[in-house]
Amino acid sequence: MEKYGNKNGDSGISGFEIGSNFIQVEFSTGSIYEYTYSSAGENNIETMKNLAKSGSGLNSFINTYVKFKYLRKIN
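Fair warning: this is a prediction, and the values are worked out from it, not measured in the lab.

Thresholds applied
Think of each chain on its own: its residues are numbered from 1, step by step along the sequence as written. In keeping with the predicted nature of the model, local features appear solely for residues at pLDDT of at least 70, side-chain atom pairs appear and are counted solely at 80 or more, and the whole-chain, interface and lining totals rest on all residues. By convention in this description, side-chain values take in all heavy atoms of the structure and omit both hydrogens and water. Salt bridges are counted wherever a side-chain nitrogen of Lys or Arg sits within 4 Å of a carboxyl oxygen of Asp or Glu. For helices the rule is a DSSP run of H or I covering at least 4 residues; for strands it is a run of E covering at least 2, with both sets numbered from the N terminus onward. Burial classification: accessible surface area is computed with a 1.4 Å probe over protein chains only, and a residue below 20% of its type maximum counts as buried, one above 50% as exposed, and the rest as partly exposed.

Visitor: I'd like a rundown of the pattern of salt bridges, residues and numbers included.
Guide: For side chains of opposite charge, pairing can occur when their charged atoms come near one another. In total, this model carries 2 salt bridges according to the counting rule given. Between Arg72 and Glu34 there is a salt bridge, and its shortest N-O distance comes to 3.1 Å. With a gap of 38 residues between them, Arg72 in strand β5 (residues 72-73) and Glu34 in strand β4 (residues 32-36) connect regions that are remote in the sequence. One salt bridge connects Lys49 with Glu46, and the closest N-O pair in it is separated by 3.1 Å. Note that Lys49 and Glu46 are positioned in helix α2 (residues 42-54) at a spacing of 3 residues, about one turn of the helix. Taking relative accessible area as the criterion, Lys49 reaches 6% and is therefore assigned buried.

This is the structure in structure tokens:
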């Protein structure tokens with residue numbers, strides 16, 4: 001997992017891992033969720049990848065657009 005930048009200091013996200021058609025997001029609770037093109041849509045996944053890399057806005061985006069559109073909860 002790559003550490004999430006959390007530029008505003010108030011995110012519920014601590015890390016992420018990016019693949020060609022997915023992103024895994026680790027929340028500060030320790031839970032990891034995998035979002036894929038098939039579960040959340042290609043545009044949403046690409047937006048999430050960009051937000052993850054920038055270190056800002058990912059948690060808000062997830063809560064607004066894809067909260068329950070994950071493929072699986074990893075832990």
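Now that the structure has been shown, we can carry on.
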